[in-house]
Amino acid sequence: MIQAVQARRWQQVAACILAVYLALPQPSPAVTKMKLRGYITARVDDRTLAILDDKLELTVASRIAGQDASGEHAMTMADLGPGMLIEAEGQWIDRHKFFAEKINVDLRDAEKQVQGAAYLQEEPGEASKISGGEAAALKADGYWLDLTAQTRREWDGAKVASASATGSAMGARDRALAGYQVKYSGARRSDGRIAAERVELGGPAPADAYKMPHDVQVAVGKDPQTGIDVIEFRHGNKVQGRMKLFPVRSVQEYVTTLGDSLLPQGNRGTSKALEFRFFVVEDSSINAASLPDGTLIINTALLGAIQNEAQLAFVLSHEIAHVLQVHYWREVHETRGQRVGLVIAGLAAGAFIGDLGTFLAGMGIASVVNGHQRELENQADRLGLQNVIEHGYDPREAPKFCRMIIERYGDRSTSKVWSNHDSSLLRGSFLTVQLMRQYPESQFEQTKRDSSAFRAMREAMGPVKIE
Ligand SMILES: [Zn+2]
């Protein structure tokens, strides 16, 4: 779907869970060196590591090095364990079996010490305790932060609000903090919660952060030639591109109902220039995308490939988090991203979009389809996992979805799009590790996986074309 996006940044290669067009590199007759990147999910034995279903075999000759801010450090096999982010160089010796000549460990991805910044997706339940210096719990960035009397805090909602134009429009009493930014640091405890050392309340993202670039509007319309329902990308009064809406109303309604049910409470009643809308479009590639304005586009092939409602709930929650965390805007502002002019090459005005990734690349927002940089994808995954858990779904279905994709495309001799198979392995292993370290005591046996509404939706879809 996105093969035409040539000069893709590395961050975009470490792509979204949904940009899943990867193939396992095949053990080919001409032995080529490969790289494998992901989080160690298990130590099988003294010489074997696992990243999901892939086993990495090491010998005494395998070189292991750790990288941190101070440089490279020699490590041994004994130093390696679940949760570490590694890049292995070597060869496939069998399906799911990789011989690792060299392993680089990313030590900056420390497992105990965490810090970050995130917009609150919900009203904090204990805001007055937080501002009053008391012990309190705060849900932020997909974590539970525990504040004690020792936690350093800068938490004055009124002050932050008066400093930001959006906030000052609100009443001083009962100030809504959903949408406000929290910066935090702390240490992960063995129960997965974070002992907060510092929390700092900041302002909300500007309204511009939820706008499509170049003031492009996304609207429902009809194709003038065929009369079928479409979504249109409008620039001024020009239609830059159309996508065919899947014509079965009950399918659209199911996805909208599920999506709405997953929206965090804090999304309602805020002053954000944002409206979530869910559209199922006819597209044979397994993908979904969230646009900055809250438009979620779900391909028919994704609905056809996904195995149950828990998996779909995770996918939608992940995309919702991209929007609420203004990831597109953050990439532009924090990384001076390559926002480009409105160049929608090779598309006659009003034509159907053949490839959403290419189309959006012309608008400078390829990352909403191709995946954001890893930190942002991880944040969307953390928030997505927390959201599905709170809605009673089995979060283990999230990494299962990645494994299914790896299996599905693993038999291809060539990957249509990717030259490596980073994405699904990286995402799936991150989700697995995240569940292990953040929810170590949770039992998910009694949680929801499927629903009759999901089955009915699949029934209504009929056969689905999947590439
Ligand atoms: Zn993503």
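See the structure shown above.
Residues numbered from 1 in each chain as written. Predicted model: local features only at pLDDT ≥ 70, side-chain atom pairs only at ≥ 80, totals over all residues. Heavy atoms only, no water.

### Overview of the sheet that holds strand 20 (residues 295-299)
Sheets are built from strands paired through backbone hydrogen bonds, the pairs being either parallel or antiparallel.
Here's step 1: Taken together, the 3 strands give an open sheet; going across it, the order is 18-20-19, and neighbouring strands pair in mixed fashion. Where the open sheet ends on each side, the last strands, each with one partner, are strand 18 (277-281) and strand 19 (288-290). Sheet twist, expressed as the mean angle between neighbouring strand axes with direction ignored, is 15 degrees.
Here's step 2: Bridge count between strand 18 and strand 20: 5 bridges; the pairing is parallel. Its bridge partner being in strand 20, F279 is matched across the sheet by I297. (Pairing = 2+ DSSP bridges. Helix = DSSP H or I, 4+ residues; strand = E, 2+ residues; numbered from the N terminus. Axes fitted to C-alpha atoms, helices over the stretch in contact; angles between N-to-C directions.)

### Digging into unusual backbone geometry
What is expected of a backbone is that most residues other than glycine have negative phi and most peptide bonds are trans.
Here's step 1: One non-glycine residue, H214, lies in the positive phi region at around 60 degrees.
Here's step 2: Among the structural elements, H214 can be located in the loop between strand 14 (194-204) and strand 15 (217-222).
Here's step 3: In the Ramachandran plot, D215 falls in the positive-phi region, its phi being about 55 degrees despite a non-glycine side chain.
Here's step 4: Looking at the secondary structure, you find D215 in the loop between strand 14 and strand 15.

### Some thoughts on the side chain of T300
Here's step 1: In this fold, T300 is placed in helix 6 (residues 300-305).
Here's step 2: Apart from residues lying up to four places away in sequence, T300 is in contact with F246, V280, V281, E282, D283, M461 and V464. (Contact = heavy atoms within 4.5 Å.)

### Considering the packing of helix 7 (residues 309-324) against helix 11 (residues 374-390)
Two measures define how a pair of helices packs: the angle their axes make with one another and the distance between the axes.
Here's step 1: Viewed as axis vectors pointing N to C, helix 7 and helix 11 meet at an angle of 130 degrees, and their least axial separation amounts to 8 Å. Taken together, helix 7 and helix 11 sit at an angle that is classed as oblique. Considering the relative orientation of helix 7 and helix 11, their crossing is right-handed. Of helix 11, the residues touching helix 7 (which contributes A313, F314, S317, H318, A321 and H322) are L376, E377, A380, D381, L383, G384, L385, N387 and V388.
Here's step 2: Classifying every residue of the contact of helix 7 with helix 11 by side-chain character gives 8 nonpolar, 5 polar and 2 charged. (Parallel < 35°, antiparallel > 145°, perpendicular 65-115°, else oblique. Left-handed = near helix turned anticlockwise from the far one by under 90°. Nonpolar A, V, L, I, M, F, W, Y, C, P; charged D, E, K, R; others polar.)

### Digging into helix 14 (residues 452-461)
Here's step 1: Listing the buried residues of helix 14 in full gives F454, M457 and M461. Looking straight down helix 14, one finds its buried side chains confined to an arc of 60 degrees; they lie on one side. The exposed set on the far side of helix 14, more than 90 degrees from its buried face, consists of S452 and E459.
Here's step 2: Turning to helix 14, the residues buried within the fold contact helix 5 (249-262), helix 6 and helix 7.
Here's step 3: In the stretch just after helix 14, G462 is the one whose phi turns positive, near 70 degrees. (Buried < 20%, exposed > 50% of the residue type's maximum accessible area, 1.4 Å probe, protein only. Arc of directions from axis to C-beta.)

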